[in-house]
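Coordinate analysis (summary)
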Amino acid sequence: MGGIVSPGFRGRRGPEGGEVTLPPGQYLTEDFPVLTAGPTLRVPTDTWEFVIVTEAGEKHRWDWKQLMALPSERPTVDLHCVTKWSKLHTDWQGVSLDVLFEGVDTAADYALVHSYGGYTTNLPFEDLRNGQAWIVYRFDGEDLTPEHGGPARLLVPHLYLWKSAKWVRGITLSDEDTPGFWESAGYHDYGDPWREQRYQGD
Amino acid sequence: MARAAVSGGLSPRLVWRAARLVEFRDETPSARTLVFDVPDWPGHLPGQHVDVRLTAEDGYSTERSYSIATPADGTRVALTVQLVEDGEVSPYLIETLSVGDVIELRGPVGGWFVWRSADPAPVLLIGGGSGIVPLMAMIRARRAAGSKALFRLIYSSRTPEDRYYADELRTRARDDFGLDVSYVYTRKTPEGWPLPPRRLGVADVNNGGWPPDFQPACFVCGPTGFVEAVADILIALGHDARRVKTERFGPSGT
């Protein structure tokens, strides 16, 4: 939709000479802002666990040591937050969900991600597979801080950042789609930044 | 891709609406309240925000979110915008936009950081800098609804001159029965202030807030570092994390 033109508004077009293309409505930031609905959680790694529950109720469990022992990747990805900022070329380390799902027998269509503290977010199961999602525990070469979801968070960079749940503790697979925390509060069920799916109906 | 429909369908599609500036007032040398008339505005809850979209003549457009400063009032929507030096949107809203000009706005957005006037629980509001805006909407809504919920506001600002709504808060603290307001200054205090400038600490939250036993609804809004510190204090004092709602303004916000 063409917007109402504001006379005299020029706007900032990204770095000089840069050809950065951002999703619609986003602007570039060099900072790493924080979006959380409540206090920051401190989750100790000695009691940390990550649990995948299939639609049949089968549980797959990893503790922190086991997670650290899995092969890790170093994805460099762009982040797009629904609050309008985008941050490019961020550097993470973590375990691909493909590794975690290797021995998991499932035909589920949907995933509900759970966090310590009760946060949830939903997405189609296929969006967690084929090199699209990680459980990350390092950012920019440093252990992930609690403010940014440490000790470990989900990273699903092709969707708005609220899908990349902080303080992640598990994923429940299901044949049915269950809206998570922000999705129940009017945010989009899927959240593709390139289609600007911020709110329900977008 | 086929997707199951989300149940409920509480929020109708958020459409962009034309918003005409009808009046403004300066809150501080770098913050201005802009009052818009938005035909067909569906109403909102105190604490919610809107998205603002500006479009240049060549079609380039950008969006920012701003908290609503007032409770629902027909087609009127008031925002208080803090000038961000070399910002992209706030300089235009503050320095260029004139009465009668039209911008685009959509909302209301956010169903979490909201206060409902039917809720009788005590309320603790802690705001830092421009984080006062959604909290002020709650204070104004409380009076407008005739709510008897007990409110306490702790407002941290750099200097007395940086406070938004200073006169109104002074009047309300006197006239709105059940509303207490306390201040913290981080750079410069008013003359005769008993304490040196400092960051908000445990003692301020203890003295100006409610005991955890009262089970107050806590709303904390401000820059990220401020919110992190205050939320940690509330948890350390024994407040239930589920009753601490936060809204963080990133360093690149506005």
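Residues numbered from 1 in each chain as written. Chains lettered and ligands numbered in written order. Predicted model: local features only at pLDDT ≥ 70, side-chain atom pairs only at ≥ 80, totals over all residues. Heavy atoms only, no water.

Taking an unreviewed UniProt entry as the reference, chain B is identified by name as Oxidoreductase belonging to Catellatospora citrea. You can read under Cofactor (unreviewed entry) in the UniProt record for chain B the words "FAD". (UniProt positions renumbered as here; feature names shortened; annotations may be inferred.)

**Description of the overall build of chain A**
Regarding its fold elements, chain A presents three helices and eleven strands. Each helix and strand of chain A, ordered N terminal to C terminal, gives the series β-β-β-α-β-β-α-β-β-β-β-β-β-α. Rg of the C-alpha trace for chain A: 18 Å, near the compact-globule value of 17 Å for 202 residues, within the 12% margin. Projected onto the principal axes, the alpha-carbon positions of chain A cover approximately 60 × 35 × 30 Å. Per-residue burial over chain A gives 55% buried out of 202 residues. (Helix = DSSP H or I, 4+ residues; strand = E, 2+ residues; numbered from the N terminus. Rg over C-alpha atoms; globule rule 2.2 N^0.38 Å. Buried < 20%, exposed > 50% of the residue type's maximum accessible area, 1.4 Å probe, protein only.)

**A short note on the interface of chain B and chain A**
Across the contact, 52 residues belong to chain B and 47 residues belong to chain A. Roughly 4200 Å² is buried in total at the junction of chain B and chain A, and carbon and sulfur atoms are behind 51% of that figure. Put simply, chain B and chain A have four salt bridges between them. Applying the counting criterion to the chain B and chain A interface returns 13 residue pairs in polar contact (both at pLDDT 80 or more). Elements that contribute at least two residues to the side of chain B that touches chain A include exactly β3 (49-55), β4 (61-67), α1 (90-96), β6 (102-109), α5 (224-236) and β11 (244-249) of chain B. Residues of the side of chain B that touches chain A, tallied by class, amount to 21 nonpolar, 15 polar and 16 charged. (Contact = heavy atoms within 4.5 Å. Buried area = accessible area lost by both parts, 1.4 Å probe. Salt bridge = Lys/Arg side-chain N within 4 Å of Asp/Glu carboxyl O. Polar contact = N/O pair within 3.5 Å; in protein donor to acceptor, adjacent residues only side chain to side chain. Nonpolar A, V, L, I, M, F, W, Y, C, P; charged D, E, K, R; others polar.)

**Some remarks on a negative patch on the surface**
Taken together, the side chains of A:E55, A:E58, A:D105, A:D109, A:E126, A:D175 and A:E176 make up a negatively charged region of the molecular surface. Inspection of the secondary structure puts A:D105 in the loop between α2 (97-100) and β6 (110-115). (Patch = residues over 30% accessible without salt bridge, like charges linked within 9 Å, V, L, I, M, F, W, Y side chains within 5 Å. Areas by Shrake-Rupley, 256 points an atom, 1.4 Å probe, with all protein chains shown as cover. Lys, Arg positive; Asp, Glu negative; His and termini not counted. Charge placed at Lys NZ, Arg CZ, Asp CG, Glu CD.)

**Structural notes on the UniProt feature "domain: FAD-binding FR-type" (unreviewed entry) in chain B**
Per the UniProt record, "domain: FAD-binding FR-type" (unreviewed entry) is annotated on residues 14-115 of chain B. For residues 14-115 of chain B, the end-to-end C-alpha separation is 21 Å, with 7% helix and 47% strand making up the annotated structure.

**Details of the pattern of salt bridges**
Residues and elements named next belong to chain B. Going through the model one piece at a time under the given rule, you end up with 30 salt bridges over all chains. For the salt bridge of R140 with E168, the shortest nitrogen-to-oxygen distance reads 2.6 Å. A residue pair is termed long-range when its members are at least 10 positions apart, and R140 in helix α2 (residues 132-145) and E168 in helix α3 (residues 166-175) qualify at 28 residues. On the basis of relative accessibility, which here comes to 8%, the residue R140 falls in the buried class. R242 is the partner of D240 in a salt bridge, and the nearest nitrogen-oxygen pair spans 2.9 Å. In this structure D240 comes out as partly exposed when scored by relative accessible area, which is 24%. Given a relative accessible area of 66%, R242 falls into the exposed group. Residues joined in a network through salt bridges with shared partners are R140, R143, E168, R172 and D176.

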